[in-house]
Amino acid sequence: MTTVSGTTEHSARAIAPAVLERLRERDDAGRPAAPYTDEEGGAPLRCCLRRSEPGERIALVSYAPLRRWAAETGAAPGAYDEQGPVFVHARECAGPAVGEGRPFSNAHRVVRRYGADGRILGGRLVGEGSARFDAAFTEAFDDPAVVLVHVRAVEYGCFLYEVRRG
């Protein structure tokens, strides 16, 4: 995964370039990507952790973030292995800008905690603002059982990015 610096030791991780390359061909649901021109802009892009600009070519693909993490670590998340829609650039992009603060922190989000086995250990609703996100990450990782958190949209539950311990 690609990281972007935040204001603490907890860094947002965009979807890794090698994973993006595969998702742009065939997503985690087995469907081919269907790129389109985003006329309005504003889609939350998980490849570079910013909103799309009007006229950019993007794709909406199915992504299973916990499954991919579990494959790296040997975890067995069972029923917690979910996949959902994410927007990505249709072609390779520059990735996240470093030092831009907390991506997508301009709205309420859920910080969902996971243990080493891939099971959910809890979550927290977080209000707007980078400082609130930093506090939620610190709180999550103060629990030694937490190894990973997902930041998710409140409205639809969509995955936005992950933060890992250390």
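Preceding this paragraph is the structure being described.
Scoring rules and cut-offs
Residues numbered from 1 in each chain as written. Predicted model: local features only at pLDDT ≥ 70, side-chain atom pairs only at ≥ 80, totals over all residues. Heavy atoms only, no water. Helix = DSSP H or I, 4+ residues; strand = E, 2+ residues; numbered from the N terminus. Rg over C-alpha atoms; globule rule 2.2 N^0.38 Å. Buried < 20%, exposed > 50% of the residue type's maximum accessible area, 1.4 Å probe, protein only. Contact = heavy atoms within 4.5 Å. Areas by Shrake-Rupley, 256 points an atom, 1.4 Å probe, with all protein chains shown as cover. Salt bridge = Lys/Arg side-chain N within 4 Å of Asp/Glu carboxyl O. Phe/Tyr/Trp six-rings, centres within 6.5 Å; stacked < 30°, edge-to-face > 60°.

Caption draft 1: The overall build of the protein chain, seen in detail. Along the backbone of the protein chain there are 3 helices and 11 strands. Of the regular secondary structure in the protein chain, the N- to C-terminal order runs β-β-α-β-β-β-β-α-β-β-β-α-β-β. A globule of 166 residues ought to have a C-alpha radius of gyration of about 15 Å, and the protein chain, at 15 Å, matches this closely. Across its three principal directions, the C-alpha atoms of the protein chain cover 45 × 35 × 25 Å. Taken over 166 residues, the protein chain has a buried fraction of 46%. By sequence separation, contacts in the protein chain at least 24 residues apart represent 60% of the contacts at least 6 residues apart. Accessible area for the protein chain stands at about 8,000 Å²; split by element, carbon and sulfur atoms hold 49% of it.

Caption draft 2: Structural detail: the pattern of salt bridges. Here the structure, examined in full by the defined rule, presents 13 salt bridges. Here aspartate 27 ties to arginine 31 by a salt bridge, and the two come within 3.9 Å at their closest N and O atoms. Taking relative accessible area as the criterion, aspartate 27 reaches 7% and is therefore assigned buried. The salt bridge involving aspartate 81 is made with arginine 67; its shortest N-O contact spans 3.0 Å.

Caption draft 3: Examining the packing of aromatic side chains more closely. This model, assessed by the stated rule, comprises 2 aromatic pairs. Seen in terms of ring centroids, phenylalanine 133 and phenylalanine 137 are 6.3 Å apart; in terms of plane orientation they differ by 70°. Their pairing is edge-to-face. Linking phenylalanine 133 with phenylalanine 137, this pair stays in helix α3 (residues 130-142), spanning 4 residues, or about one helical turn. Accessibility assignment for this pair places phenylalanine 133 and phenylalanine 137 in one class, buried.

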